[in-house]
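Here are the chains, one letter per residue:
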Amino acid sequence: MKIAQVQMHVCDDKRQNIRRACELIRKAAEESIHMAILPEMFCCPYDNGCFRRYGEAVGGEAQQALSALAKELGIYLVGGSVPELADGKVYNTCFVFDPRGD
């Protein structure tokens, strides 16, 4: 099994971070990987003051992008973590996708 561990700098633009993560995974996929792993809080600055502002509910933008990418590339994808908003709280949530994007 070939695994790509993706490291990346993040900025204060969530969409740009998601796009960059997808670009890096696509580049790694050129090497016939089976799995890609993103870093913790890949879509926002790692700062407690940012987590609520960058957070999303289940099914949010980051989750949708990673699910679609896993399916597109036919790989397992460990989504590092994203700040998940649920019940008025912020959770450090890791979404993991199979090659079907599930």
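Cut-offs used in this document
- Every chain's residues receive numbers from 1 upward, in the order its sequence appears when written.
- Local features are withheld for residues below a pLDDT of 70 in this predicted model, meaning they are given only at 70 or higher, and side-chain atom pairs are given and counted only at 80 or more; totals for whole chains, interfaces and linings count all residues.
- Computation of side-chain values covers all heavy atoms of the structure but excludes hydrogens and water.
- Where helices and strands are cited, they refer to DSSP runs of H or I of at least four residues and of E of at least two residues respectively, numbered from the N terminus.
- Atoms counted for the radius of gyration: C-alpha only. Globule rule: 2.2 Å times the number of residues to the power 0.38.
- Relative accessible area decides the class of each residue, using a 1.4 Å probe on protein chains only: under 20% of the type maximum gives buried, over 50% gives exposed, and in between gives partly exposed.
- The Shrake-Rupley method, run with a 1.4 Å probe sphere, supplies the accessible areas, and residue values consider only the shown protein chains as cover.
- Positive charges are assigned to Lys and Arg, negative charges to Asp and Glu, while His and the chain termini are left out of the count.
- Throughout, a charge is located at the NZ atom of Lys, the CZ atom of Arg, the CG atom of Asp or the CD atom of Glu.
- In this analysis, the expected span of each helix is defined as 1.5 Å times one less than the number of residues it contains.
- Directions are taken from the helix axis to each C-beta atom, and the arc is the one they span.
- Any two residues whose heavy atoms approach within 4.5 Å at even a single point are treated as in contact.

S.K.: Help me out: how do you make sense of the overall build of the protein in this one?
M.R.: Across its full length, the protein carries three helices and six strands. Ordered by position from N to C terminus, the α and β elements of the protein give β-α-β-α-α-β-β-β-β. The C-alpha atoms of the protein give a radius of gyration of 13 Å, which matches the 13 Å a tight globule of 102 residues would have. Summarising its shape, the C-alpha atoms of the protein cover approximately 40 × 25 × 20 Å along the three principal directions. In the protein, buried positions account for 45% of the 102 residues. Counting only carbon and sulfur atoms, one obtains 48% of the accessible surface of the protein, whose full area is about 5900 Å². Charge-centre separation for the protein: the mean point of 12 positive side chains lies 1 Å from the mean point of 14 negative side chains.

S.K.: Explanation requested: helix 1 (residues 14–29) in the structure shown.
M.R.: Because each turn of an α-helix spans 3.6 residues, side chains separated by three or four positions in sequence point in the same direction. Along its 16 residues, helix 1 runs 23 Å from first to last C-alpha, staying within 8% of the 22 Å computed at 1.5 Å per residue. All of the buried residues along helix 1 are Lys-14, Asn-17, Ile-18, Ala-21, Cys-22, Leu-24, Ile-25 and Ala-28. The arc enclosing the buried residues of helix 1, seen along the axis, measures out at 160 degrees, which places them on a common side. Exposed side of helix 1, more than 90 degrees from the buried face: Arg-15 and Lys-27 are the residues found there. Packed against the buried residues of helix 1 are strand 1 (3–5), strand 2 (35–37), helix 2 (48–54), helix 3 (61–73) and strand 3 (76–78).

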